[in-house]
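The residues making up each chain are set out below.
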Amino acid sequence: IMPLVDLQTRLGINLDRWLLLQSGEQPNKRAARCHAFEKEWIECAHGIGQTRAKKECQLEFEDFYECMHRQKTV
């Protein structure tokens with residue numbers, strides 16, 4: 001059995017911060033533009049698994065994606 005190694009700590013990286021773009025520390029301590037949409041999506045998807053989250057949280061993800069990429073505002 002391979003020992004469980006915490007690579008994030010050993011390498012000094014934080015994947016959660018990298019994956020959650022809007023939740024990272026922002027300049028001037030202001031919330032990022034799409035932070036609210038990302039938070040809604042994460043709260044919806046938390047704990048239900050990827051398969052259910054794709055179906056049940058699709059609206060929240062679409063709102064977040066639209067905010068990040070500004071598809072409908074262009």
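Counting restarts for each chain: residues are numbered from 1 in the order of the written sequence. With the structure being a predicted model, the display of local features is reserved for residues of pLDDT at least 70 and the display and counting of side-chain atom pairs for 80 or more, all residues being used for whole-chain, interface and lining totals. To obtain the side-chain values, all non-hydrogen atoms of the structure were used and water was disregarded.

### Considerations on the overall build of the protein
Here is the rule we go by: Strands are runs of DSSP state E lasting at least 2 residues, helices are runs of H or I lasting at least 4, and numbering of each runs from the N terminus. Any residue under 20% of the maximum accessible area for its type is buried, any over 50% is exposed, and the rest in between are partly exposed; the area is computed with a 1.4 Å probe on protein chains only. By the convention used here, residues are in contact when the closest approach between their heavy atoms is within 4.5 Å. Per-residue and other accessible areas follow the Shrake-Rupley method at a 1.4 Å probe size, with only the shown protein chains counted as cover for residues.
Within the protein, the secondary structure is distributed over five helices and zero strands. Reading the protein from its N terminus to its C terminus gives the helix and strand order α-α-α-α-α. Here the protein holds 74 residues, and 12% of them are scored as buried. Put simply, 29% of the contacts in the protein that link residues at least 6 apart link residues at least 24 apart. Counting every atom, the protein has about 6700 Å² of accessible surface; 56% of that belongs to carbon and sulfur.

### Focus: the layout of surface pockets
Here is the rule: Put plainly, a pocket is an open set of points on a 1 Å grid over the protein atoms alone with protein on both sides within 12 Å along at least five of seven lines, a cavity is a set where a 1.4 Å probe fits but cannot get out, and a lining residue has an atom within 4 Å of a point. Grid points are joined across faces, edges and corners, and a volume is the space filled by probe spheres set on the points. Throughout this entry, Asp, Glu, Lys and Arg are counted as charged residues, while Ala, Val, Leu, Ile, Met, Phe, Trp, Tyr, Cys and Pro are counted as nonpolar. The remaining residues, Gly among them, count as polar.
Taken as a whole, the second largest pocket holds about 170 Å³ of empty space. In terms of lining residues, the second largest pocket is bounded by Trp-41, Ile-42, Ala-45, Gln-50, Ala-53, Lys-54, Cys-57, Gln-58 and Phe-61. Among the elements of the structure, helix H3 (35-45), helix H4 (50-56) and helix H5 (58-69) are those that each provide at least two residues to the lining of the second largest pocket. Partitioning the lining of the second largest pocket into residue classes produces six nonpolar, two polar and one charged.

### Details of the state of the cysteines
Stated precisely, the cut-off is as follows: Cysteine sulfur atoms that pair up within 2.5 Å are treated as a disulfide.
If you walk through the whole model with that rule in mind, you get two disulfides. One disulfide bridge connects Cys-34 with Cys-67, the sulfur atoms lying 2.0 Å from each other. The S-S bond linking Cys-34 to Cys-67 shows a torsion near -90 degrees; that makes this disulfide left-handed. Here Cys-67 lies in helix H5 and Cys-34 lies in the loop between helix H2 (15-19) and H3, a separation of 33 residues in the sequence. With its sulfur 2.0 Å from that of its partner, Cys-44 forms a disulfide with Cys-57. Negative torsions about the S-S bond denote left-handed disulfides, and the value of about -90 degrees found for Cys-44 with Cys-57 makes this one left-handed. Residue Cys-44 is located in helix H3, and its partner Cys-57 is located in the loop between H4 and H5; the two are separated by 13 residues in the primary sequence. Taken N- to C-terminal, the disulfide-bonded cysteines of the protein are connected 1-4, 2-3.

### Overview of the confidence of the model for the protein
Counted only if it meets this: You can read pLDDT as the predictor saying how much it trusts each residue, on a scale of 0 to 100.
Averaged over every residue, the pLDDT of the protein is 75; the share at 70 or more is 61%. For the protein, H2 is the element with the lowest average pLDDT, namely 57, and H4 is the one with the highest, namely 90.

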